[in-house]
There are 2 protein chains.
Amino acid sequence: MSSVTIKDIAKLAGVSHTTVSRALNDSPLINPETKERIKAIADSLNYAPNYSARSLVLDRSYNFGLFFSTLHKGTSAGFLYEAIKGVNDVIKDQFNLIVRGIDDYKSFHNVNRKSFDGLIVMSQSASDQPFIEYAAQIDIPLVVLNRPLDSVKVMNLVPDDQSGAFRVVEHLISRGHRDIAIIEGKAGFKSTEARRDGFREAMSRYEVPVRDEWIVRGNYDLESGHAGMIVLLDLPERPTAVFCSNDDMALGAIKAVTERGLRVPEDISVVGFDDHLFSSFMTPALTTVRRPIEEISRVGAMKLLSFIEKKQVEKSTVYFHTELVIRDSVKTITGGTN
Amino acid sequence: MSSVTIKDIAKLAGVSHTTVSRALNDSPLINPETKERIKAIADSLNYAPNYSARSLVLDRSYNFGLFFSTLHKGTSAGFLYEAIKGVNDVIKDQFNLIVRGIDDYKSFHNVNRKSFDGLIVMSQSASDQPFIEYAAQIDIPLVVLNRPLDSVKVMNLVPDDQSGAFRVVEHLISRGHRDIAIIEGKAGFKSTEARRDGFREAMSRYEVPVRDEWIVRGNYDLESGHAGMIVLLDLPERPTAVFCSNDDMALGAIKAVTERGLRVPEDISVVGFDDHLFSSFMTPALTTVRRPIEEISRVGAMKLLSFIEKKQVEKSTVYFHTELVIRDSVKTITGGTN
DNA sequence: CTGAAAGCGCTAACAG
DNA sequence: CTGTTAGCGCTTTCAG
């Protein structure tokens, strides 16, 4: 039961272990017949290479790190799911997919070229800036997804949140809304800013005034959307539409509306951002913006793979198109501008 | 920039690399002063051990495999999320958490003691039976979560789906329902059977007749819940309550009800299973059963950890309590039995 | 308390 | 086409 090595095979085949190594690695300079013979023996012995030994000599770990800002707080299930799915689809079983929360590290020392052939950072907040800078500095093949970086030069794949937010707010305006509120995302998240900027851009482009009391803070979770909507509903002058910075908060917001005996979209319109799996099944189905996390992850994994193979990295920022998804949570107000 | 080894440290410290190794591993038989000196040098050099080398000699990989039946189909985002969170919380950074879909393997050869110190299989269907049998046979520390096994003897941690289903159906009955339908889960999943059994158990215990046309198939996704409810709604005689075998299907089912201009729970009651994160925020908030995946994963990881440390495995089946969560999706029918 | 030497399993010159 | 030899970085006897 104890594991078989190339030496065992060598003995049985009557050759040197070097020949076995070459045969198993499909070296061209080896007799096709002996190669087959060796492979047959290896098969019959259920030989599996010792990756630690191979890693040691080849200086490759066969590890692919997928690092999230955190695994405890702020990461939504759908987000984790799409990212893992996207990356896994690409690497299959050529690499080990190692999932990590950056905030689980006390020290980054053990994150290095020896332990990881490459790193994908799924960045959700500026909190992982030190890690990204560390990774960039040790010169490990690296791809940073989701959060646009300014300082560090790396391969950076990000959704175009701002234009997505712009389009969904533009959509509200086109349906005749002029009293539009925003429930913002978590403070410090770049996406929070980008979505707010898209909101403001649309408002100013169409010359719709922004009212301070209609800007409320959230933190991307259900509860904060719920709480935020209550604040808005309690205002003397209510908005007719609310842009929630993600779908989770939109769900919480709609709950708050319902609890007051009001209805979406009849009494107040609500839009979200992300297009979660459940968003089309809510009542009403949620108008939102689709952020292609799975696609970004897939492309990120492919890029990283090619960096590793070519032993050379590119550095650039690539934006991925976000898409307005129109459903039933927005009411058309007569006298609309469109 | 090229990485520093214990030999480099040895040279600087004026000792042998053996001594460095011992110092860094906190061997007791070493002079405390030299130990400190060596550690200081190691720190200043940013030394990080080469895990491939250490693995080779120690015959440990530091890899912890978390294997799902599939990563493509059938695994819900929340499920993946809770499992990863639970396991990660336990192993922190002592191990690499390697996430895998069993159906991504062409051959299991590379899953062995050399590559993994231990395995957690999050089993969702009988399709991974061959894998589990393989793992049991190579005698690797192993824990199987979520799906109850009959043949193989391993450490098996599972939610008590049947009693959960029993309790939620009992709840329907206690609220006066006697016309109760079920939308079943994916065929071939053990959980589908267990929940069906709990349903039947409650029905027979309280002597409520089960009607064939009120048993409809689903496959655990939103769409199938939607489709299943349409079938039920089109029946000449409708049930007053529907037990959906998971929350995703309940969401789809409620959508179908709403589309018909009917309301939950006024016109028809709906309950689910799983207690997804969003279930309390649906309208109406969903009555369901909580399945403690995160807890099961956490306990599973702890067990596996101890197997690895003690170099000895236990084999038994442990059930985890599922919990009825009462919310607003069930109407009380007057003349109820309770 | 410390060092010399061996070896984990594998690949890669270098010779033939 | 094949074998000999060395060595990847680390831990562990075995001697001092």
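Think of each chain on its own: its residues are numbered from 1, step by step along the sequence as written. Here every chain gets a letter starting at A, and every ligand a number starting at 1, in the order they are written. A pLDDT threshold of at least 70 governs which residues receive local features in this predicted model, and a stricter bar of 80 or more applies before side-chain atom pairs are shown or counted, although totals over entire chains, interfaces and linings include all residues. Working from all heavy atoms in the structure, the side-chain values ignore hydrogens and water.

Q: Looking at this model, I keep getting lost on the nonpolar core. Mind explaining?
A: The nonpolar side chains of a soluble globular protein tend to be buried, and buried together. Nonpolar core, defined: a set of buried Ala, Val, Leu, Ile, Met, Phe, Trp, Tyr and Cys residues in which side-chain atoms within 4.5 Å join the residues together. Using a 1.4 Å probe on the protein chains alone, a residue whose accessible area is under 20% of its type maximum counts as buried, one over 50% counts as exposed, and one in between counts as partly exposed. Residues A:Phe64, A:Phe68, A:Ile84, B:Phe64, B:Phe68 and B:Ile84 are the most contacted members of the largest nonpolar core, which totals 60 residues. In this structure, A:Leu233, A:Val242, A:Phe281 and B:Leu222 belong to the second largest nonpolar core, which totals 55 residues.

Q: So what exactly am I meant to see when it comes to the pairing of strand E6 (residues 180-183) of chain A here?
A: Along any regular strand the residues' side chains alternate between the sheet's two faces. Residue and element names in this part refer to chain A. Helix and strand assignments follow DSSP, with helices taken as H or I runs no shorter than four residues and strands as E runs no shorter than two, numbered in order from the N terminus. Burial along E6 is two-sided: Ile-180 and Ile-182 facing one way and Ala-181 and Ile-183 facing the other are all buried. Strand pairing is assigned whenever DSSP identifies at least 2 bridges connecting the two strands. Pairing geometry for E6 and strand E8 (residues 241-244), over four bridges, is parallel. Looking at the pairing, Ala-181 lines up with Val-242 of E8. Pairing between E6 and strand E7 (residues 215-216): two bridges, direction parallel. Residue pairing across strands places Ile-183 opposite Val-216, the latter belonging to E7.

Q: How should I be thinking about the protein's contact with DNA strand C in this particular structure?
A: To be near a molecule or strand, a residue needs just one of its heavy atoms within 4 Å of it. Neighbouring DNA strand C are 27 residues, the closest being A:Ile6, A:Ser21, A:Tyr47, B:Thr19 and B:Arg22. For DNA strand C, the backbone portion of the atoms within 4 Å of the protein, that is sugar and phosphate, comes to 63%. Between N or O atoms, a polar contact is any pair within 3.5 Å; within protein, one atom must be a potential hydrogen donor and the other a potential acceptor, and residues adjacent in sequence are included only when both atoms are from side chains. One nitrogen or oxygen atom from the side chain of A:Ser21 is found 2.6 Å from a phosphate oxygen belonging to DNA strand C. With respect to DNA strand C, the backbone of B:Ser16 contributes an N or O atom lying 3.1 Å from a phosphate oxygen. As a working rule, the residues Ala, Val, Leu, Ile, Met, Phe, Trp, Tyr, Cys and Pro are called nonpolar, Asp, Glu, Lys and Arg charged, and the rest polar, with Gly in that last group. Classifying every residue of the surface near DNA strand C by side-chain character gives 12 nonpolar, 12 polar and three charged.

Q: Is there a simple way to explain the side chain of B:Asp117 in this structure?
A: All names here are of chain B. Inspection of the secondary structure puts Asp-117 in the loop between strand E2 (96-101) and strand E3 (118-122). In terms of polar contacts, Asp-117 uses its side chain to reach the side chain of Arg-60, at 2.4 Å. A distance of 2.8 Å separates a polar side-chain atom of Asp-117 from the backbone nitrogen of Tyr-62. Once residues within four sequence positions are removed from consideration, Asp-117 is found in contact with Arg-60, Ser-61, Tyr-62, Asn-63, Phe-95, Pro-141 and Ile-308. Here a residue-residue contact requires only that any non-hydrogen atoms of the pair lie within 4.5 Å.

Q: Would you explain the relation of the copies chain A and chain B in this entry?
A: Each copy superposes on the other: chain A lies on chain B with an RMSD of 0.1 Å after a rotation of 180 degrees and an axial shift of 0.0 Å. Those values place the two copies in the arrangement expected of a two-fold rotation axis. A share of 100% of interface residues in chain A that are also interface residues in chain B marks the association as one of identical surfaces. Each copy is superposed on the other by least squares, with the fit set by C-alpha atoms of residues at a pLDDT of at least 70 in both.

Q: I'm lost on the side chain of A:Ser55 in this one. Help?
A: Tracing the sequence through the fold places A:Ser55 in helix H4 (residues 51-58). Take A:Ser55: its relative accessible area is 7%, and that puts it in the buried class. Apart from residues no more than four positions distant in its own chain, A:Ser55 is found in contact with A:Arg60, A:Ser61, A:Tyr62 and B:Ser52.

Q: Explain the interface of chain A and chain B here, please?
A: Interfaces are often sized by the accessible area lost when the parts come together. Tallying the contact residues gives 58 residues for chain A and 59 residues for chain B. Linking chain A with chain B are 14 residue pairs in polar contact (both at pLDDT 80 or more). Where the side of chain A that touches chain B is concerned, the elements lending two or more residues are H4, helix H5 (77-91), strand E2 (96-101), helix H9 (222-233) and helix H10 (247-259) of chain A. Per-element tally for the side of chain A that touches chain B: the top contributor is H5(A), with eight residues. Taken together, the residues of the side of chain A that touches chain B sort by class into 26 nonpolar, 21 polar and 11 charged.

Q: Explain the protein's contact with DNA strand D here, please?
A: Around DNA strand D, the surrounding shell holds 27 residues, and the nearest of these are A:Thr18, A:Thr19, A:Arg22, B:Ser21 and B:Tyr47. Sugar and phosphate atoms form 58% of the subset of DNA strand D atoms that lie within 4 Å of the protein. With respect to DNA strand D, the backbone of B:Ile6 contributes an N or O atom lying 2.8 Å from a phosphate oxygen. With respect to DNA strand D, the side chain of B:Tyr47 contributes an N or O atom lying 2.5 Å from a phosphate oxygen.

Q: Please clarify how the domain arrangement of chain A should be interpreted in this entry.
A: The source of the domain bounds is an automatic or database domain assignment. Under the domain assignment, chain A is made up of domain 1 (6-50), domain 2 (63-159 + 292-321) and domain 3 (161-291). Using only C-alpha atoms to locate each centre, domain 1 of chain A and domain 2 of chain A end up separated by 37 Å.

Q: In this structure, what is going on with the sheet that holds E8(A)? I would like to understand it.
A: Residue and element names in this part refer to chain A. If you trace the four strands from one edge of the open sheet to the other, you get E7-E6-E8-E9, paired in parallel fashion. Of all the strands in the sheet, just E7 and strand E9 (269-271) have a single pairing partner and so form its edges. Lines fitted to C-alpha atoms define the axes here, with helix axes fitted over just the stretch in contact, and angles between the N-to-C directions of these axes take values from 0 to 180 degrees. Where helix H7 (residues 161-174) meets the sheet, its contacts fall on E6, E8 and E9, and the angle it forms with E8 comes to roughly 170 degrees. Contacting E6, E7, E8 and E9, H9 crosses the sheet at an angle of about 145 degrees to E6.

Q: Would you mind going over the sheet that holds strand E8 (residues 241-244) of chain B with me for this structure?
A: Strand pairing in a sheet takes place through backbone hydrogen bonds and is either antiparallel or parallel in direction. Residues and elements named next belong to chain B. The strand order across the open sheet built from four strands is E7-E6-E8-E9, with neighbouring strands paired in parallel fashion. Where the open sheet ends on each side, the last strands, each with one partner, are strand E7 (215-216) and strand E9 (269-271). In this structure, E8 lies alongside E9, joined through three bridges in parallel fashion. Across the sheet, Ala-241 pairs through a bridge with Ser-269, a residue of E9. Running at roughly 170 degrees to E8, helix H7 (residues 161-174) makes contact with strand E6 (180-183), E8 and E9 of the sheet. Packed on one face of the sheet, helix H8 (residues 190-205) meets E6, E7 and E8 and runs near 170 degrees to E6.

Q: Got a minute to help me understand the environment of A:Leu56 in this structure?
A: Structurally, A:Leu56 is set in helix H4. Taking the relative accessible area as the measure of exposure, A:Leu56 reaches 35% and is therefore partly exposed. Counting along the chain gives 58 residues from A:Leu56 to A:Lys114, while the straight-line C-alpha distance between them is 8.7 Å. Those residues in contact with A:Leu56, other than ones at most four positions away along the chain, are B:Asn50, B:Ser52, B:Ala53 and B:Leu56.

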